[in-house]
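Here is how the chains run, residue by residue.
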Number of protein chains: 4
Amino acid sequence: MSSVIGEKLRISIFGQSHSEAIGVVIDGLPAGVAIDEEELLAFMTRRAPGRGAHTTSRSEADKPRFLSGVADGFTCGSPVCAIIENTNTRSKDYSNLREIPRPGHADFTAFVKYGNFHDIRGGGHFSGRLTACLCIAGGICLQYLKTRGINIAAHALEIAGVSDRPFSPVKPEITSVLHSEPISVLDKNAGERMMEEIIKAKSDLDSVGGIVECAICGVPAGYGDPMFDGVENILSRIIFGIPAVKGIEFGAGFSAARMRGSECNDAFFMDGDAVRTKTNNHGGALGGITSGMPVIFRAAIKPTPSVARMQESVSLTERKDTPLEIVGRHDPCIVPRAVPVIEAAAAIAICDMIL
Amino acid sequence: MSSVIGEKLRISIFGQSHSEAIGVVIDGLPAGVAIDEEELLAFMTRRAPGRGAHTTSRSEADKPRFLSGVADGFTCGSPVCAIIENTNTRSKDYSNLREIPRPGHADFTAFVKYGNFHDIRGGGHFSGRLTACLCIAGGICLQYLKTRGINIAAHALEIAGVSDRPFSPVKPEITSVLHSEPISVLDKNAGERMMEEIIKAKSDLDSVGGIVECAICGVPAGYGDPMFDGVENILSRIIFGIPAVKGIEFGAGFSAARMRGSECNDAFFMDGDAVRTKTNNHGGALGGITSGMPVIFRAAIKPTPSVARMQESVSLTERKDTPLEIVGRHDPCIVPRAVPVIEAAAAIAICDMIL
Amino acid sequence: MSSVIGEKLRISIFGQSHSEAIGVVIDGLPAGVAIDEEELLAFMTRRAPGRGAHTTSRSEADKPRFLSGVADGFTCGSPVCAIIENTNTRSKDYSNLREIPRPGHADFTAFVKYGNFHDIRGGGHFSGRLTACLCIAGGICLQYLKTRGINIAAHALEIAGVSDRPFSPVKPEITSVLHSEPISVLDKNAGERMMEEIIKAKSDLDSVGGIVECAICGVPAGYGDPMFDGVENILSRIIFGIPAVKGIEFGAGFSAARMRGSECNDAFFMDGDAVRTKTNNHGGALGGITSGMPVIFRAAIKPTPSVARMQESVSLTERKDTPLEIVGRHDPCIVPRAVPVIEAAAAIAICDMIL
Amino acid sequence: MSSVIGEKLRISIFGQSHSEAIGVVIDGLPAGVAIDEEELLAFMTRRAPGRGAHTTSRSEADKPRFLSGVADGFTCGSPVCAIIENTNTRSKDYSNLREIPRPGHADFTAFVKYGNFHDIRGGGHFSGRLTACLCIAGGICLQYLKTRGINIAAHALEIAGVSDRPFSPVKPEITSVLHSEPISVLDKNAGERMMEEIIKAKSDLDSVGGIVECAICGVPAGYGDPMFDGVENILSRIIFGIPAVKGIEFGAGFSAARMRGSECNDAFFMDGDAVRTKTNNHGGALGGITSGMPVIFRAAIKPTPSVARMQESVSLTERKDTPLEIVGRHDPCIVPRAVPVIEAAAAIAICDMIL
């Protein structure tokens with residue numbers, strides 16, 4: 001039941017990197033949700049390889065084809081299925097990966113779990129390419145949420161140690177995210193310096209990681225449930241579904257561990273007739289329930305494990321240590337492309353919560 | 001459906017701080033699991049108030065009473081229910097909390113969600129006291145996991161900025177955790193300095209937070225599922241069910257964001273006939289599936305929001321800004337007591353994964 | 001995960017016939033639902049042994065004790081737990097049942113599944129006594145549904161071949177059910193003849209079964225979902241959770257199999273501004289979605305398997321055919337007591353659907 | 001979440017009668033399950049229109065196209081998605097159906113739920129055509145179950161009042177089902193008389209229903225869980241997902257309601273070293289758990305609601321009574337085609353139970 005998530009809105013993702021198609025079924029959207037396919041495609045383009053720069057050689061035709069659930073531009077109430085055909089799946093030989101697992105990838109664990117039946121080509125179901133399916137579902141959710149007054153935006157808060165300006169936690173500058181740049185940032189200069197670091201890593205046959213910050217604005221107070229269905233529970237479960245995410249924190253997050261209570265507690269005040277908090281260390285949820293303040297979280301993205309340098313691995317058949325050199329061009333930093341994926345995953349989680 | 005979690009092992013937690021009892025139903029344990037009630041009680045004592053020091057005045061009789069599912073010391077195959085009676089529930093007046101929500105607590109969001117029906121006494125269902133139920137279920141899971149060769153231990157990695165020695169990520173010194181100390185640590189001196197900081201905060205009418213590190217050893221490779229049912233997804237969802245947790249990270253976690261791929265990738269090597277990794281930046285899971293290496297994670301705990309200092313809040317009926325002073329003695333640091341709760345939650349998640 | 005059901009309203013049932021207590025957790029009720037404990041007790045009394053006549057010797061004190069979730073007579077938003085303490089659990093020797101399984105009971109299958117760990121006393125978790133927990137949860141749901149204009153009633157449509165008058169399928173005479181009689185029926189005379197058959201069976205050391213008909217009135221059109229979450233799917237799954245149910249049918253049910261389409265199709269007509277059907281062969285649901293007409297279903301109840309006659313069984317240890325005589329007094333017909341249980345289960349299912 | 005079912009094996013069905021494609025995602029199959037596409041196609045042909053005779057004019061190209069999850073004829077461990085493209089979707093005008101709902105169909109309830117967004121063409125997601133997706137998933141499950149020694153077969157036990165010979169409940173003559181005949185029966189003569197009745201109904205511009213009996217042989221004792229995850233619960237929930245099913249019964253079913261306990265109880269005996277029952281009134285499950293005897297159930301199928309006779313309906317816009325005449329050719333009896341669908345649904349449920 002690995003690739004199904006959600007209670008009221010149920011998402012089922014399928015496909016391998018080199019299967020005939022990848023896709024997603026979205027079950028639970030109400031009838032009458034308008035789907036702007038142009039806007040969806042524009043959103044998905046932010047995730048496509050090539051963005052951020054210098055990436056995998058494969059050209060993707062990521063335009064989703066809707067098989068069901070949409071009629072005349074609106075959801076009809078039955079499950080939406082959209083697929084992306086995998087054209088141009090190179091027939092190159094992947095048997096090496098079956099033999100010698102790539103460090104940092106799922107080759108080894110997939111071998112343990114699925115044996116030689118694992119579809120190793122391009123990473124199979126573990127491929128980052130599958131995040132395109134998250135973007136289809138999430139892109140639709142983002143459009144729906146907008147009609148409910150909820151906006152979600154993310155940016156690269158940090159890449160290779162270079163920091164962007166953070167969102168204002170109490171009033172996120174959502175409209176100021178520069179999505180048109182190669183890297184979605186608030187501060188254009190930071191984006192440029194990040195790009196320099198990415199290029200430097202690439203020339204070193206290496207890769208870099210980073211941190212994505214995401215803000216969800218406009219969720220009314222009172223959504224989410226205490227204990228296991230709170231805002232943090234639901235968001236963290238889906239965010240860790242994105243390959244390479246190694247950590248998540250809400251509001252003050254890990255820095256809260258070093259605060260004193262008097263400093264960490266967010267003072268309430270009346271903002272007109274609305275109860276608000278002066279700071280937002282709680283990150284928009286108290287006891288798992290939304291407070292009406294922006295939900296703010298950050299996700300740590302590890303550096304792309306596919307690096308061209310010689311690495312240490314093992315031969316699974318010969319059971320001995322074996323060096324591994326990964327050939328081909330690889331994306332030296334997936335953080336820029338992870339930004340819309342984080343937005344998409346957050347949108348799916350929020351939809352499930354408010355439907 | 002807030003307080004139910006799990007697929008194969010389903011945990012349902014109930015109770016409010018001042019209801020007649022709190023408790024848990026554990027559905028899905030196989031028949032024949034031995035339950036050592038002495039060991040369970042010893043485990044639960046590590047969570048009880050008083051541990052760590054200077055805590056809430058309420059004395060708790062936390063001995064669980066098994067209502068069902070256990071016969072002659074073994075699970076019988078039907079759901080286990082255990083409760084803790086809430087004796088000594090003081091009848092003090094809590095109406096003030098309904099009027100003026102405490103910053104950092106769920107009073108406000110509970111009011112939005114449940115209105116005046118919310119059982120505000122002692123925090124209701126949001127009370128940290130409910131973690132005793134997690135400890136019952138988790139304590140049983142810990143005993144079961146031990147029979148499967150799986151051991152789980154946590155310690156206070158950091159409190160008020162004072163750091164304990166971290167677990168060795170490739171071979172956690174699980175047996176070396178000093179659970180007999182007021183604070184579970186690896187380095188006794190660190191524990192003493194932590195305690196000094198806690199006492200200092202208390203004398204300042206304030207509180208401090210920290211970080212708990214947890215290691216899960218002995219899970220064979222191949223458990224967990226890609227995408228949404230991976231090790232990180234399952235663990236993070238339950239860990240955020242513990243009040244005050246604001247972040248979680250696996251393996252290298254947020255520090256992976258600053259590494260290069262060549263540094264972050266864990267080299268495989270043959271350790272006898274077993275495939276292992278030289279480092280453990282991946283934290284025991286690749287593609288959501290266990291690698292056979294220890295699963296290592298850290299959770300950030302915010303400082304206790306109940307501080308005796310004057311705070312800013314609002315009157316929910318008069319709709320105006322209102323100062324708030326919380327009277328009574330409070331635990332200036334819940335991190336020591338959170339250590340066994342983290343172990344318990346991890347044990348529940350791992351049981352659900354391997355059953 | 002056997003004893004947990006529901007999506008939005010999640011019910012978790014626990015207990016064995018002779019465990020310390022049996023009970024139920026109800027997770028997902030909104031805050032502010034009024035619970036009339038007197039009315040609940042009156043409802044539960046309809047299920048209690050003694051009703052219908054001549055039943056098991058055990059006297060039950062079935063008054064539920066609320067451990068959580070209720071404050072001042074209203075749900076507070078957190079999970080409701082109610083238990084019934086098992087006082088007077090006789091210490092008689094049940095080892096015989098472990099050795100020689102009773103035909104028609106779950107002794108054999110429980111042995112296969114749980115081995116000697118199964119709590120065989122009184123049937124353990126398989127005991128009809130557990131339906132008291134369904135009645136607690138369902139009784140609360142019935143009270144809640146009434147506030148939403150939804151009424152549910154059942155009656156013994158048939159016992160030992162004696163038929164009661166059926167509900168009018170288009171306008172059920174819900175108020176005319178004679179719940180005060182030993183057997184809930186529409187036609188008092190039918191009830192008397194049923195009782196005669198029950199007494200006759202009892203004097204023959206035997207038992208009889210029957211059919212319960214249930215009507216759910218007032219559910220607005222548009223609830224339920226096509227395919228697997230339709231009205232029939234949800235109701236049938238929970239109704240088969242009641243021991244001894246062997247079949248369920250909706251509307252015309254099995255008799256529809258012998259109709260022609262022109263006869264089975266229910267003609268639509270305008271009833272004022274409402275669309276209604278002249279007949280109700282569809283049983284209130286089309287495509288899984290409520291039509292606004294009463295939801296009508298019937299459940300077949302097999303005769304009580306505990307009969308005093310000598311029966312054929314096997315010795316599980318000696319692996320040979322062995323006769324079995326069950327001693328003690330037994331209820332010769334559980335159908336009268338099953339009527340409120342069916343109402344309760346239906347109420348839980350409908351609540352889950354409309355919340 | 002209407003069209004998703006299963007816990008360990010999760011099936012997600014999508015598509016409308018006239019959408020670009022219909023299909024199914026199967027999440028949870030282990031890696032290494034062999035899929036014989038020829039055998040699958042042969043199985044699906046038994047469901048295809050034309051079988052049984054004289055059916056809808058639309059010619060279907062029901063060969064499934066596997067988009068994911070299968071590599072070199074074996075499942076690879078990741079979700080399987082298979083679709084059937086909807087070629088030849090006639091562009092005829094369906095607006096009449098939106099205006100005047102067909103009696104016995106879901107047009108009215110879909111209108112209430114989805115408004116004018118409902119994809120009314122060909123019945124949309126409510127179309128019997130969607131059962132082809134059940135057959136894809138179920139056909140694969142049938143192949144997998146065979147490797148585990150489990151066989152499933154169904155036949156038309158009754159059509160228009162004409163009865164086939166029933167399965168022997170203790171030793172089903174599974175191999176003797178005449179699937180090659182237009183109607184799957186045990187008794188060829190019964191099948192011929194059924195066909196005569198179908199033709200007669202057709203010439204009367206009418207339709208007929210029937211009963212399908214299904215046997216599941218080879219499930220070892222001990223599967224299924226008490227209360228809500230028992231054999232009957234799981235099977236009934238999915239079987240009611242098949243359009244036109246109005247009732248289900250297990251073992252003796254409704255006739256058990258008229259038996260005495262001494263007659264209904266199935267005597268245990270030793271059959272070599274196996275515990276078996278002499279009769280099978282319990283239908284293969286006691287307390288929800290398989291007994292090792294065949295699981296036997298029957299499903300009632302109502303007559304096809306699409307009949308060519310003039311019917312009474314309403315105009316949803318003019319809010320007045322309006323006659324309706326459905327034009328075009330229709331299948332006068334879907335029971336023959338329902339036989340493999342019942343087998344498919346049963347296979348999915350059993351797979352979910354034993355995985």
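Look up a bit, the structure's there.
In what follows, the accompanying structure is described. Nothing here was measured: the structure is a model prediction, and the numbers come from that model.

This part is about the relation of the copies chain B and chain A. Mapping chain B onto chain A is achieved by rotating through 180° and translating by 0.0 Å along the same axis, at an RMSD of 0.0 Å. What we have between these two chains is a two-fold relation. The fraction of interface residues of chain B whose copies in chain A are also interface residues reaches 100%, indicating that both copies meet through the same surface.

Here the focus is the sheet that holds strand β8 (residues 80-85) of chain D. All names here are of chain D. With antiparallel pairing, the five strands of this open sheet are ordered in space as β1-β2-β3-β8-β5. In this open sheet, the two edge strands, each paired with only one partner strand, are β1 (4-5) and β5 (65-68). Here β1 pairs with strand β2 (residues 10-14) via two bridges, running antiparallel. For I5, the partnering residue across the bridge sits in β2 and is I11.

On the chain A side, the residues contacting the 101 residues of chain B number 101 residues. A per-residue breakdown of the area chain B buries against chain A is headed by F228, K246 and F268 of chain B, which together make up 10% of the total. At the junction of chain B and chain A, the tally comes to 14 salt bridges. The residue E158 of chain B makes a salt bridge to R258 of chain A at a minimum N-O spacing of 2.4 Å. Counting the contacts that link chain B with chain A gives 43 residue pairs in polar contact (both at pLDDT 80 or more). At six residues, the largest contribution of residues to the side of chain B that touches chain A is made by helix α3 (residues 107-114) of chain B. Counted by class, the side of chain B that touches chain A contains 48 nonpolar, 28 polar and 25 charged residues. As paired elements, strand β12 (residues 245-250) of chain A and strand β12 (residues 245-250) of chain B share three bridges and run antiparallel to each other.

What the ten strands build is an open sheet, ordered β10(A)-β9(A)-β11(A)-β17(A)-β12(A)-β12(B)-β17(B)-β11(B)-β9(B)-β10(B); its pairing is antiparallel. A strand with exactly one partner marks an edge of an open sheet, and here the two such strands are β10 (162-163) of chain A together with β10 (162-163) of chain B. Looking at chain direction, strand β9 (residues 151-159) of chain B and strand β11 (residues 210-217) of chain B are connected through eight bridges and run antiparallel. If you follow A154 of chain B over to β11 of chain B, its bridge partner there is C214 of chain B. Where helix α8 (residues 335-354) of chain A meets the sheet, its contacts fall on β9 (151-159), β11 (210-217) and β17 (295-301) of chain A, and the angle it forms with β9 of chain A comes to roughly 145°.

Under the counting rule described, the total for this entry stands at 103 salt bridges over all chains. With its nearest N and O atoms 3.3 Å apart, the salt bridge here joins E85 of chain B to R65 of chain B. Note that E85 of chain B is positioned in strand β8 (residues 80-85) and R65 of chain B in strand β5 (residues 65-68), a separation of 20 residues in sequence. Of the residues examined, E85 of chain B reaches a relative accessible area of 26% and is grouped as partly exposed. Relative accessible area serves as the criterion here: at 24%, R65 of chain B is assigned to the partly exposed category. A single network of salt bridges, built from pairs that share partners, joins E20, R65 and E85 of chain A together with E20, R65 and E85 of chain D.

This paragraph deals with the state of the cysteines. The final tally for this structure, using the stated rule, is zero disulfides over all chains. Free cysteine C264 of chain B: the closest other cysteine sulfur is in C333 of chain A, separated by 13 Å. Look at C264 of chain B and you get buried, because its relative accessible area is 6%.

Below, the discussion takes up helix α4 (residues 131-147) of chain C. All names here are of chain C. With 17 residues, α4 should reach 24 Å at 1.5 Å per residue; the first-to-last C-alpha distance of 24 Å fits that figure. Most of α4 sits inside the fold, with 15 of its 17 residues counted as buried. Positive phi appears at G149, one or two residues downstream of α4, with a value of about 80°.

Basis of the calculations
- Residues numbered from 1 in each chain as written.
- Chains lettered and ligands numbered in written order.
- Predicted model: local features only at pLDDT ≥ 70, side-chain atom pairs only at ≥ 80, totals over all residues.
- Heavy atoms only, no water.
- Least-squares fit on C-alpha atoms with pLDDT ≥ 70 in both.
- Contact = heavy atoms within 4.5 Å.
- Pairing = 2+ DSSP bridges.
- Helix = DSSP H or I, 4+ residues; strand = E, 2+ residues; numbered from the N terminus.
- Buried area = accessible area lost by both parts, 1.4 Å probe.
- Salt bridge = Lys/Arg side-chain N within 4 Å of Asp/Glu carboxyl O.
- Polar contact = N/O pair within 3.5 Å; in protein donor to acceptor, adjacent residues only side chain to side chain.
- Nonpolar A, V, L, I, M, F, W, Y, C, P; charged D, E, K, R; others polar.
- Axes fitted to C-alpha atoms, helices over the stretch in contact; angles between N-to-C directions.
- Buried < 20%, exposed > 50% of the residue type's maximum accessible area, 1.4 Å probe, protein only.
- Disulfide = S-S within 2.5 Å.
- Expected span 1.5 Å × (residues − 1).

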